[in-house]
Amino acid sequence: MRAALVILRKDLRIEWRTKESLSSYGVLGVLLLVVFAFAHDPTPTEAPRLAPAVLWVTIVFTGMLGIQRAFAVEREQDCMAGLLGAPIDPAAVYLAKLVGTLLLLAAMQVVLVPLAIVLLRLDLGGALPGVVLVLVLGDLGFASLGTLFAAVAMRTRAREVLLPVLLLPLVVPVVIAGVKATQAALAGGLADGAEALRVLAVFDLVFTVAGWLLFQYVVQD
Amino acid sequence: MRTLENVLAPLCMVTMLAALALVFLIVPTEAEMGIVQRIFYFHVGSAWVTYACFFTVAGASAVYLWKRSPTADRLAYASAEVGVLFCTLLLITGPIWARPIWGVWWTWDPRLTMTVILWGIYVGYLMLRAFGGEDESVARWAAVLGIVGVVDIPILRVSVRLLSGIHPYVVGNEQSGGLADPWMQVGLGVSALALTLLAGWLIMLRARTERLAHEVAVLQRRLEMRAAAP
């Protein structure tokens, strides 16, 4: 647990000093959102139905690239070997990378969500807490598998292509349930999205535990 | 292993011929859908084989992570390949039937969505195998993916049901599309058996070629080392 905190603090310090991930993927997310917004400029009545899909596709695409960063920083000078050679549980490394990715996703969404409200002409009303809840649940699900397979993809030849190919079909439940729950939240009640929220919660639970247990097999040599 | 292979091959041929005879000569034509309904016998059989293969991948992967047996690893790889083959057949036979009956080649019905996503997961598995190279860590990564893929199946099932659906229930008679005639049920059973035997046989062949390829690689390496030594 303490080891995980140390690794997380190290990653956050690197990010704070370089501001590489947040700036590059933040800008990419903004651009994606802008492209989507003018590719299909929704009328205010369409917006609550369309905006969740646009938002989630943007999150998944930028997240996919952002997650690679978590392990890309360890590739330089073979830091990963040092990390794994340290007398700590590999699960601590998983936990640190998972939380780091979650923070990165959250930071990007702090920018993306207000922008989506403006560009897609959303009327949020009192829906903000519901949307935030859905985003947090969705991020955790996405990051749980993303962290696991980023560690895999990083060490193969085709890493940039392989991560999306492996991850996209696996996180389909997050995308479907995320869109449905966001739609329900925007339509005024999370109650309609109860089923979707359950899917997200189960996905989070199952794959955070699975990632925690399986990570050692991914990194051991 | 070789004897099992030698038994499976003729058994597979006999049941396959029986299935073809049943489906094209004996089974009556379905009243509403007509001749195109006959594709069901292979479509449903492929669906069953696809799932059986993917669950075999997960089982073999778990055994591999636990025991580190190369046989389990090769079984997982072979099952994934054969599973993707039958999943592809499923995705080809489905639209051929759907076009005249539903009027469209494709619709985002839960089962169709589910199948295409499963196909994506295991094509990813094969890509991981292909790009990873031939060392032991690829086997571990693939095993992790094989397990995660199957764990994902029930969650996927629930999540795609959030979309609405029109796929018929063939066996359960819950909607139209139930198999009324007893010969139809025999036809379905025999063709499912034939496809299962075919899949089993293909998996065994594939696992054997994988083992031989590994042996050749080992021998080649030894030869190179001997050539390099003075």
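Computed from a predicted structure; not experimentally measured. (Residues numbered from 1 in each chain as written. Chains lettered and ligands numbered in written order. Predicted model: local features only at pLDDT ≥ 70, side-chain atom pairs only at ≥ 80, totals over all residues.)

(A) View of the overall build of chain A. Looking only at helices and strands, chain A features nine helices and zero strands. For 221 residues, the compact-globule estimate of 2.2 N^0.38 gives 17 Å, and the C-alpha radius of gyration of chain A, at 18 Å, lies within 12% of that figure. With respect to the principal axes defined by its C-alpha atoms, chain A has extents near 55 × 35 × 30 Å. Expressed as a percentage of the 221 residues in chain A, the buried residues total 48%. (Helix = DSSP H or I, 4+ residues; strand = E, 2+ residues; numbered from the N terminus. Rg over C-alpha atoms; globule rule 2.2 N^0.38 Å. Buried ≥ 20, exposed ≤ 12 C-beta atoms within 10 Å, placed from the backbone.)

(B) How the structure looks around helix α1 (residues 2-26) of chain B. Residues and elements named next belong to chain B. Its 25 residues place the ends of α1 35 Å apart at the C-alpha level, agreeing with the 36 Å of an ideal helix rising 1.5 Å per residue. Among all positions in α1, only Cys12, Ala19, Leu22 and Val23 are buried. Turning to α1, the residues buried within the fold contact α2 (40-67) and α6 (182-228). (Expected span 1.5 Å × (residues − 1). Contact = placed C-beta atoms within 7 Å.)

(C) Spotlight on the interface of chain B and chain A. Contacts between chain B and chain A engage 25 residues on the former and 27 residues on the latter. For the side of chain B that touches chain A, the elements supplying multiple residues, two or more each, are α4 (110-132) and α5 (136-160) of chain B. With 15 residues, the single largest contributor to the side of chain B that touches chain A is α5(B). Class assignment for the residues of the side of chain B that touches chain A results in 18 nonpolar, five polar and two charged. (Nonpolar A, V, L, I, M, F, W, Y, C, P; charged D, E, K, R; others polar.)

(D) Summary view of the packing of helix α5 (residues 90-119) of chain A against helix α6 (residues 128-154) of chain A. Residues and elements named next belong to chain A. Put simply, α5 and α6 touch, their axes get as near as 9 Å, and they point 135° apart. The orientation of α5 with respect to α6, classified from their angle, is oblique. Our pair here, α5 against α6, has a crossing hand that is right-handed. Listed contacts from α6 to Tyr94, Lys97, Leu98, Thr101, Leu102, Leu105, Ala106 and Gln109 of α5 are Leu135, Asp139, Leu140, Ala143, Ser144, Gly146 and Thr147. Across the contact of α5 with α6, the residue classes tally to eight nonpolar, five polar and two charged. (Axes fitted to C-alpha atoms, helices over the stretch in contact; angles between N-to-C directions. Parallel < 35°, antiparallel > 145°, perpendicular 65-115°, else oblique. Left-handed = near helix turned anticlockwise from the far one by under 90°.)

(E) Representation of the nonpolar core in the model. Residues Ala116(A), Val218(A) and Ala76(B) are the most contacted members of the largest nonpolar core, which totals 130 residues. Sorting elements by how many residues they give to this core places α6(A) first, with 14 residues. In this structure, Val218(A) is in contact with Leu148(A), Ala151(A), Val152(A), Arg140(B), Trp141(B) and Val144(B), ignoring residues within four places of it in sequence. (Core = buried A, V, L, I, M, F, W, Y, C linked by C-beta atoms within 7 Å.)

(F) Structural view of unusual backbone geometry. Residues and elements named next belong to chain B. The phi torsion at Arg68 lies on the positive side, around 60°, for a residue other than glycine. Its location among the elements puts Arg68 in the loop between α2 and α3 (70-102). For Arg68, a count of 13 C-beta atoms within 10 Å corresponds to the partly exposed category.

(G) Geometry of the environment of Trp212(A). Secondary-structure assignment places Trp212(A) in helix α9 (residues 194-219). Not counting chain neighbours up to four residues away, the residues in contact with Trp212(A) comprise Ala91(A) and Tyr94(A).

(H) Geometry of α4(B). Helix length check: α4(B), at 23 residues, gives a terminal C-alpha distance of 32 Å against a target of 33 Å (1.5 Å per residue), a fit within 8%. Taken together, the buried positions of α4(B) are Leu112(B), Thr113(B), Met114(B), Thr115(B), Ile117(B), Leu118(B), Ile121(B), Tyr122(B), Gly124(B), Tyr125(B), Leu128(B) and Gly132(B). Where α4(B) is buried, its residues meet α7 (159-170) and α8 (172-186) of chain A together with α2, α3 and α5 of chain B.

(I) Just the packing of α9(A) against α5(B), in detail. Where α9(A) contacts α5(B), the axes come no closer than 11 Å and their chain directions differ by 175°. By the angle between their directions, the pair α9(A) and α5(B) is classed as roughly antiparallel. Between α9(A) and α5(B), the contacting residues are Val199(A), Val202(A), Phe203(A), Val206(A), Ala210(A), Leu214(A), Tyr217(A) and Val218(A) on the first element and Arg140(B), Trp141(B), Ala143(B), Val144(B), Ile147(B), Val148(B), Val151(B), Ile155(B), Val158(B) and Ser159(B) on the second. The residue makeup of the contact of α9(A) with α5(B), split by class, is 16 nonpolar, one polar and one charged.

(J) Layout of the environment of Glu76(A). Position of Glu76(A) relative to the elements: it lies in the loop between α3 (47-75) and α4 (79-85). Judged by the 8 C-beta atoms lying within 10 Å of it, Glu76(A) falls in the exposed class.

(K) How the structure looks around the confidence of the model for chain A. Confidence in the prediction of chain A, expressed as mean pLDDT, is 85, and 100% of residues score 70 or more. Highest mean pLDDT in chain A belongs to α9(A) (92); lowest belongs to α4(A) (78). (pLDDT = per-residue confidence, 0-100.)

(L) Here's a closer look at the environment of Arg221(B). Looking at the element boundaries, Arg221(B) is found in helix α6. On a C-alpha basis, the gap between Arg221(B) and Thr115(B) in space is 41 Å, while along the polypeptide they are 106 residues apart.

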